[in-house]
Amino acid sequence: MQTQLNLGEAEARLAIDACVAELKKRGKAGVVAVGDSHGELLALWRTDGCGLPPIVIAQNKVYTAARVRGPSGDLGRNAQADGSDVHYHGDSRYVGWDGGAPVMYKGQCIGAVAVSGLSGVEDLEIANIGIAAILATLS
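First, a word on what this report is: a plain description of the structure on this page. (Residues numbered from 1 in each chain as written. Predicted model: local features only at pLDDT ≥ 70, side-chain atom pairs only at ≥ 80, totals over all residues. Heavy atoms only, no water.)

1. What about the side chain of Asp 123?
1) Next: In this structure, Asp 123 sits in helix α4 (residues 120-138).
2) Next: On the basis of relative accessible area, Asp 123 is assigned to the buried category, the value being 2%.
3) Next: If sequence neighbours within four positions are ignored, Asp 123 has contacts with Lys 61, Asp 98, Gly 99, Val 115, Ser 116, Gly 117 and Leu 118. (Helix = DSSP H or I, 4+ residues; strand = E, 2+ residues; numbered from the N terminus. Buried < 20%, exposed > 50% of the residue type's maximum accessible area, 1.4 Å probe, protein only. Contact = heavy atoms within 4.5 Å.)

2. What about the environment of Gly 117?
1) Next: You can see Gly 117 is positioned in the loop between β4 (108-116) and α4.
2) Next: Residue classification places Gly 117 among the partly exposed positions, given a relative accessible area of 43%.
3) Next: Along the primary structure Gly 117 and Leu 42 are separated by 75 residues, whereas in three dimensions their C-alpha atoms are 19 Å apart.
4) Next: Discounting chain neighbours no more than four positions away, the residues touching Gly 117 are Ala 29, Pro 54 and Asp 123.

3. Here we look at helix α3 (residues 72-82)
1) Next: Along α3, the positions that sit buried rather than exposed are Ser 72, Gly 73, Leu 75, Gly 76 and Ala 79. Seen from one end, α3 has its buried residues packed into an arc of 155 degrees, which puts them on one side. Counted as exposed and oriented over 90 degrees from the buried face of α3: Asn 78, Ala 81 and Asp 82.
2) Next: Elements in contact with the buried residues of α3: α2 (53-68) and β3 (100-105).
3) Next: Trailing α3 by a residue or two, Gly 83 shows a phi angle of about 75 degrees, which is positive. (Arc of directions from axis to C-beta.)

Okay, structure coming up:
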């Protein structure tokens with residue numbers, strides 16, 4: 001028997017609130033997405049002023065980070081380094097842009113948080129703030 005921990009709506013709300021607060025602090029608009037351990041969407045928030053493309057991109061960053069158990073940008077960098085396509089893995093939802101990261105707890109991926117709409121560096125910084133908010137309640 002295997003037991004898999006998963007984020008729930010309470011943890012998703014923590015991440016959304018922390019990330020949106022940081023977006024507002026920076027005066028930026030973006031999309032925040034939170035997914036379970038399989039990368040399936042638990043919550044999504046689009047701030048005022050954010051365009052439409054980041055909606056799907058944030059969802060796909062969450063999906064990628066949870067499925068590969070690592071930052072979404074790593075998939076893109078690894079594919080670029082070996083000359084392959086990020087879709088080589090057979091899943092068209094995978095993206096290789098920075099901004100999605102897994103939530104790792106007790107050696108397990110319990111979900112992922114992603115941000116889209118800013119630079120990849122800022123997306124990832126803000127996603128990590130959401131992850132820290134979740135982990136602070138689990139310790």
